[in-house]
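Working through the structure, step by step
Each chain, written out:
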Amino acid sequence: MAKTIGILTGGGDCPGLNAVIRGVVKSAIIRHGWRVIGIEDGFDGLLNPAVCKPLTLESVRGILPRGGTILGTTNRGNPFSYPMEQDGVIIHADLSDKVVANIRELGIDALVAVGGEGSLKIALELSRKGVPVVGVPKTIDNDLRETDFTFGYNTALETATDALDKLHTTAESHHRVMILEVMGRYAGWIALESGIAGGADVILIPEIPFYIDRICTAVTRRSARGSRFSIIVAAEGAYPSGGCRVVAQEADERQTIERLGGIGQFVAKHIEQCLDMDVRVTVLGHLQRGGSPTTFDRALGSRFGTKAVEMVADGEFGYMACLKGRTIISVPIEDATRDLKLVDPQGEIVRTAEDLGIMLGR
Ligand code: F6P
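About the cut-offs
Residues numbered from 1 in each chain as written. Predicted model: local features only at pLDDT ≥ 70, side-chain atom pairs only at ≥ 80, totals over all residues. Heavy atoms only, no water. Helix = DSSP H or I, 4+ residues; strand = E, 2+ residues; numbered from the N terminus. Buried < 20%, exposed > 50% of the residue type's maximum accessible area, 1.4 Å probe, protein only. Contact = heavy atoms within 4.5 Å. Areas by Shrake-Rupley, 256 points an atom, 1.4 Å probe, with all protein chains shown as cover. Lys, Arg positive; Asp, Glu negative; His and termini not counted. Charge placed at Lys NZ, Arg CZ, Asp CG, Glu CD. Near = heavy atom within 4 Å. Polar contact = N/O pair within 3.5 Å; in protein donor to acceptor, adjacent residues only side chain to side chain. Domains from an automatic or database assignment. Pairing = 2+ DSSP bridges. Axes fitted to C-alpha atoms, helices over the stretch in contact; angles between N-to-C directions. Buried area = accessible area lost by both parts, 1.4 Å probe. Parallel < 35°, antiparallel > 145°, perpendicular 65-115°, else oblique. Left-handed = near helix turned anticlockwise from the far one by under 90°.

Right, let's talk about the overall build of the protein chain for a bit. Tallying secondary structure elements over the protein chain gives ten helices and 15 strands in all. Projecting the C-alpha coordinates of the protein chain onto the three principal axes gives extents of approximately 75 × 50 × 35 Å. Considering the protein chain as a whole, with its 362 residues, one finds that 52% of them fall into the buried category. Long-range pairs, those at least 24 residues apart, make up 73% of the contacts in the protein chain with a sequence separation of at least 6. Put simply, the protein chain shows about 15600 Å² of open surface, and 48% of that area lies on carbon and sulfur atoms. Side chains of the protein chain carry 39 positive and 45 negative charges; the gap between the two charge centres is 4 Å.

This is the structure in structure tokens:
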């Protein structure tokens, strides 16, 4: 029987989202002859059915190399706790019944939710309310459980490694300490793997609280060996032992989670106090989320998209597509969102970094 699939992209954008959308649309239409409806701006779009439009083969033509998402997204709209103004104050309303009613009104038989931990938790709640949901894992942070990789991560790594290569030449010329601040709120995957690939001397990640005096000693030792420059990569969520994360903007009624930023400057200030060296900071920021996806992310996004359609055909609702080894399989969304996939401070990748002489701040 012909079906109608709704697809939305939620949370922060990342390269490869359009590959997933294209994969869903193409396989739904070409293999099954189904209809696809694109939902704009994440779950917000389900509160306003007028912005939901059919996606055809023409709609997805040429989008494979494009960054971002043609559907738009938001990392604010949670229909179970939706910020609304009432009598001059912000309240959080549960609009999930309206979302479920709109899904029915749109004639959507299955919803494909592409998102990170936050969006997939919302998808899970909707599935508990009876909505047939299939999840697709997305985030540049690569911190989702039950999948070896999320799409977007590989592109972000390329961007960060390229930045490290560029910082190397100028650091060496000026005999400076160069600090690169990268994304990674709770998980240090981007800092760790780009740091290894980009030949960093110090890598600071949220999973290993750092000691500033030990970082200064490492930089001094390098200078004594004749390397008069050092490269430090710091995840935005890294923090000193006994201290806390550096917050750029506190959470408020609308933005439920605080915005991180400033760890690079924090480390720079302390290094300048103990070493007689020039220090400069580069914050890579949203450059890591933008741009054309790498080959790996295009292929992974496409495979996740077609797998999501196969899962709809098989009635595997409440499940998420994921990559295990070289194979795409499915796992319960509940298992994938139970907690975050963090770097193991005693694990193989950290050991590799330390065997290469990279200092992890401890
Ligand atoms: O989850 C992805 C992420 O890039 C985090 O690493 C970062 O803390 C956050 O998004 C930034 O989000 P925003 O787009 O709201 O600044």
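This part covers the site of the ligand. The environment of the ligand is made up of Asn75, Ile140, Asp141, Met183, Gly184, Arg185, Glu236, Arg259, His286 and Arg289. At 3.0 Å from an oxygen atom of the ligand is found a side-chain nitrogen or oxygen belonging to aspartate 141. Within the side chain of histidine 286, an N or O atom sits 3.0 Å from an oxygen atom of the ligand. For the ligand, the protein covers 77% of the area, taking 400 Å² as the surface of the free molecule. Here the shell around the ligand spans two domains, since at least three of its residues come from each of domain 1 (4–151 + 293–336) and domain 2 (155–290).

An order of S3-S2-S1-S6-S7-S14-S15 is seen for the seven strands of this open sheet, with the pairing classed as mixed. Each of the sheet's edge strands pairs with one partner strand only, and the pair in question is strand S3 (53–55) and strand S15 (327–332). Neighbour to neighbour, the strand axes of the sheet diverge by 30° on average, direction disregarded. The pairing of strand S2 (residues 35–38) with S3 spans three bridges and is classified as antiparallel. Directly across from glycine 38, in S3, lies its bridge partner lysine 53. In the packing of helix H1 (residues 17–32) onto the sheet, contacts are made with strand S1 (4–9), S2, S3, strand S6 (110–115) and strand S7 (133–137), and the angle to S1 comes to roughly 180°.

Parsing the protein chain into structural domains produces domain 1 (4–151 + 293–336) and domain 2 (155–290). The distance between the C-alpha centroids of domain 1 and domain 2 comes to 33 Å. Around 1400 Å² of area is buried between domain 1 and domain 2 when both sides are counted, 52% of it from carbon and sulfur atoms. Looking only at domain 1, the three residues that lose the most surface to domain 2 are Arg76, Ile140 and Asp141, adding up to 35% of its buried area.

Turning to unusual backbone geometry, a few remarks are in order. The phi angle at aspartate 87 is positive, at roughly 50°, despite the residue not being glycine. Assignment of secondary structure puts aspartate 87 in the loop between strand S4 (82–86) and strand S5 (89–93). Notably, glutamate 146 is not glycine yet its phi reads approximately 70°, a positive angle.

Time to look at the packing of H1 against helix H8 (residues 295–314). Interhelical geometry of H1 versus H8 gives an angle of 45° and a closest axis separation of 7 Å. Here H1 is positioned oblique relative to H8, judged by the angle of their axes. Considering only the axes of H1 and H8, their crossing is right-handed. Taking contact as the criterion, the partners of Ala19, Val20, Arg22, Gly23, Val24, Ser27, Ala28 and His32 in H1 are, on H8, Arg298, Gly301, Ser302, Gly305, Thr306, Ala308, Val309 and Ala313.

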